[in-house]
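# Reading the structure
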Amino acid sequence: MSLADLETRLAQDLAFLNLPASPWVPPRDGVLDVLIVGGGMCGLAALAQLRFLGIDNSFAIDAAAEGFEGPWETFARMRTLRSPKSLTGPALDQPSLTFRAWFTAQWGAAAWDALDKIPKPQWMEYLRWYRRVLALPVRNETRLRDLRGEGTLLRVTMNGPEGPAQLLARRVVLATGRSGLGGGAVPSPLRGLDPRYWAHSADDIDFSQLRGREVAVIGAGASAFDNAAVALEAGAARVDLLIRRASIPAVNKLTGIASPGTELGLGHLPDDWKLQIHGYAAAQQVPPPRHSVRRVSAHDNAYFHLDCALTGVTPAGDRVKIETSRGQFESDFVIAGTGFRNDFSDRAELSQIAPHVLSWADRPGFPLSQRNSNFGQSPYLAPDFSFIEKQPGMCPALAQIHCFNDAAMLSHGKVSGDIPAVSVGAKRLARAIARAFFAEDIEVHFDRLRAYDTPELHGDEYLPADHLPNRA
Ligand SMILES: Cc1cc2nc3c(=O)[nH]c(=O)nc-3n(C[C@H](O)[C@H](O)[C@H](O)COP(=O)(O)OP(=O)(O)OC[C@H]3O[C@@H](n4cnc5c(N)ncnc54)[C@H](O)[C@@H]3O)c2cc1C
């Protein structure tokens, strides 16, 4: 089978399932039904599922150039995905839409059997194909600049290749990725330090500049190791990994309960269970992939400093003096592989809505000690992923803005960030929007119901008994 054959089969599969459904949402003049901000994996899955449900007055925008959405071809510096190759990701239950189908159509079943992990560039290629084969409308190089309520609608300001533009939408979905509601988490000693001395792992780093230089990498997650590896491969003189813990976390706890039950059930648990489960998993931390660690330890100029917390960084000429819980040393450059945070202050485009968003820290009983943590700052979302107002009545538009990115994890479980359950999340989101549109337009639907007059019977199928000729 070739890729063209697969595309034919996919078209047939969708036709057998009557997908996409015919459009049914009553059009409103000059109003978009759904705008998705972000054309990465989550945005594409959400857009596809909306269109499957017949909500086709919708499109996505993405700040990135076409084919370069998300981290895969930008700051993701691993060679392969962490995930097992068999995950069905954004396929929305369509066998012909899976990575496996796409891969096998091109390289065959034997190559699939031989494949260990999915090479990172191939995952991006697959996402490009997914977008093309479903003809998903995404406007690239278009950035959300402002979002606010206007009457019963949302006013969106964007900036694209043709300059600034505005539109009105009934719903906006923020599929804006890991840093979607904030930015990189930066350890306090690095804040305010001249950027020539340091970078966050999600920054655009010119690794060729690190050749022959000494680099310190903060953190023990996947990104810390991937950045350390790239620095070493680029010819860094030495790389020191500063790891706060006494040992590198080894067990990816949440995979231990991965199941349809978790995907469907975690987001419906009482708050204290959500906090307990995610709190436990976060405290245990997700280990870096084994292949990422080995990629670093293969270099004899890589040094793993355990039990070594960063306490200070100060410029020392062209170098920096690094202070840690285990003493001080000098290096040329620091990379913070310290993850992301939910902090609206990094997102000017959300400044109109941000002050009104209810967060987990605002909830009664939320542990005081965690108020400023990433969990505390996570938005407390409704079952349809929409934001909830801190003070009812202050920003009703929030009920029409859906947070379909990593920041939804504490409310919904891991269904809007990682590959495994993104289809579960996309369906939850799109079905909720379809339900809401139907209810909001119920009068139009009732008028359509009354106006509908296509007969199934034409009057010649039967005769009333008293018209029958002499039947005994
Ligand atoms: C380095 C790295 C490696 C990962 N590896 C794996 C893995 O192996 N397995 C796994 O399951 N998960 C992995 N993940 C987690 C997850 O799968 C990815 O983060 C994935 O990209 C999430 O998809 P997304 O659509 O939510 O976000 P993204 O793919 O990041 O897409 C978000 C998009 O939103 C756009 N955007 C943001 N703000 C705006 C704005 N204001 N206006 C317009 N556009 C905007 C961005 O340009 C971006 O293209 C990894 C994450 C990272 C960061």
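Position labels on residues start from 1 in each chain and follow its written sequence. pLDDT decides what is reported in this predicted model: residues at 70 or higher carry local features, side-chain atom pairs at 80 or more are listed and counted, and totals for whole chains, interfaces and linings draw on all residues regardless. Processing note: side-chain calculations cover all non-hydrogen atoms of the structure and skip hydrogens and water entirely.

### Considerations on the site of the ligand
Neighbouring residues of the ligand: 31 residues in total, closest Cys42, Asp62, Arg82, Ser83 and Ile419. Here a polar contact means two N or O atoms within 3.5 Å. Within protein one must be a hydrogen donor candidate and the other an acceptor candidate, and residues neighboring in sequence count only if both atoms are side-chain atoms. Within the backbone of Ala63, a nitrogen or oxygen atom sits 3.0 Å from a nitrogen atom of the ligand. Gly417 is positioned such that a nitrogen or oxygen atom in its backbone is 3.1 Å from an oxygen atom of the ligand. Computed with a 1.4 Å probe, the accessible areas rest on the Shrake-Rupley method; for each residue, only the protein chains presented here act as cover. When isolated, the ligand has an accessible area of 970 Å², and the protein chains bury 90% of it. Segments assigned H or I by DSSP are reported as helices when at least four residues long, segments assigned E as strands when at least two residues long, and all are numbered from the N terminus. For the shell around the ligand, the secondary-structure elements that each account for two or more residues are α2 (41–52), β3 (80–84) and β6 (143–150). Proximity is defined per residue: if any heavy atom of the residue lies within 4 Å of a molecule or strand, that residue is considered near it.

### What about unusual backbone geometry?
Residue Pro20 follows Leu19 across a cis peptide bond; omega there is -5 degrees. On the secondary structure map, Pro20 appears in the loop between α1 (3–16) and β1 (31–37). For Asp93, which is not glycine, the phi dihedral falls at a positive 65 degrees. With respect to the helices and strands, the residue Asp93 is situated in the loop between β3 and α3 (99–114).

### Comments concerning the pairing of strand β2 (residues 58–62)
Judged by how many residues are buried, β2 sits mostly within the fold: five of five residues are covered. Burial of β2 is two-sided: the residues Ser58, Ala60 and Asp62 facing one way and the residues Phe59 and Ile61 facing the other way are all buried. For β1 and β2, the ladder comprises four bridges, and the chain directions are parallel. Paired with Val37 across the two strands is Ile61, which belongs to β2. Handedness of a crossover is defined as follows: with both strands directed away from the viewer, a clockwise route from the first strand across the helix to the second makes it right-handed. Regarding the hand of the β-α-β motif, the stretch spanning β1, α2 and β2 is right-handed. Strands are treated as partners if at least two bridges between them are detected by DSSP. Of the strand pairs in this sheet, β2 and strand β5 (residues 138–140) are connected by three bridges, and their pairing is parallel. Bridge pairing in β5 places Asp62 opposite Asn140. Accessibility here uses a 1.4 Å probe with only protein chains present; expressed as a share of the type maximum, an area under 20% marks a residue as buried, one over 50% as exposed, and anything in between as partly exposed.

### Overview of the layout of surface pockets
Every definition here rests on a 1 Å grid over the protein atoms only: cavities are sets of points where a 1.4 Å probe fits but cannot get out, pockets are open sets enclosed by protein on both sides within 12 Å along at least five of seven lines, and lining residues have some atom within 4 Å of a point. Grid points are joined across faces, edges and corners, and a volume is the space filled by probe spheres set on the points. By volume, the second largest pocket is sized at about 210 Å³. Phe344, Val357, Ser359, Gln377 and Lys390 are, among the 13 residues lining the second largest pocket, the residues nearest its centre. Residue classes in the lining of the second largest pocket are distributed as four nonpolar, five polar and four charged. Charged residues are taken to be Asp, Glu, Lys and Arg, nonpolar residues to be Ala, Val, Leu, Ile, Met, Phe, Trp, Tyr, Cys and Pro, and polar residues to be all remaining types, Gly included.

### Examining the side chain of Glu349
Relative to the elements of secondary structure, Glu349 occurs in the loop between β18 (340–341) and α9 (374–377). At 2.9 Å, the side chain of Glu349 and the side chain of Arg347 are in polar contact.

### Looking at the pattern of salt bridges
For this analysis, a salt bridge means a side-chain nitrogen from Lys or Arg found within 4 Å of a carboxyl oxygen belonging to Asp or Glu. Counted by the stated rule, this structure contains 29 salt bridges. With a closest N to O distance of 2.6 Å, Arg128 and Glu125 form a salt bridge. Placement of the pair is Arg128 and Glu125 together in helix α4 (residues 120–133), with a separation of three residues, close to one helical turn. Judged by its relative accessible area of 24%, Arg128 is partly exposed. For the salt bridge of Asp146 with Arg148, the shortest nitrogen-to-oxygen distance reads 2.6 Å. Assessed through its relative accessible area of 13%, Asp146 is described here as buried. One connected set of salt bridges, linked through shared partners, spans Arg28, Asp33, Arg170, Arg171, Glu440 and Asp441.

### Here we look at the sheet that holds strand β10 (residues 198–200)
Taken in spatial order, the five strands make up an open sheet running β10-β17-β11-β12-β13, and their pairing is parallel. If you trace the sheet from one side to the other, it starts and ends with β10 and β13 (302–305), each paired once. Taking the axes of each pair of neighbouring strands and ignoring which way they run, one obtains an average angle of 20 degrees across the sheet. Here a residue-residue contact requires only that any non-hydrogen atoms of the pair lie within 4.5 Å. Axes, fitted as lines to C-alpha atoms, cover a helix only where it is in contact. Angles between the N-to-C directions of the axes lie from 0 to 180 degrees. Packing of helix α5 (residues 222–233) onto the sheet brings it into contact with β11 (214–218), β12 (238–242), β13 and β17 (333–336), and relative to β12 it is tilted by some 170 degrees.

### Considerations on the domain arrangement of the protein chain
By convention here, the domain bounds are inherited from an automatic or database domain assignment. Here the protein chain is described as being made up of domain 1 (3–182 + 341–445) and domain 2 (186–250 + 287–338). A C-alpha centroid distance of 32 Å is found between domain 1 and domain 2. On the side of domain 2, 16 residues touch domain 1, which itself brings eight residues to the contact. Buried area adds together the accessible area that both of two parts lose upon being put together, with accessible area traced by a 1.4 Å probe. Summed over both sides, the interface between domain 1 and domain 2 buries roughly 880 Å², with carbon and sulfur atoms accounting for 47% of that surface. Per-residue buried area on domain 1 facing domain 2 is highest for Arg77, Arg79 and Arg82; these three make up 69% of the total on that side. Where domain 1 meets domain 2, there are one salt bridge. The closest approach of N and O atoms between Arg79 and Glu233, which form a salt bridge, is 2.9 Å. Between domain 1 and domain 2 we count seven residue pairs in polar contact (both at pLDDT 80 or more) in total.

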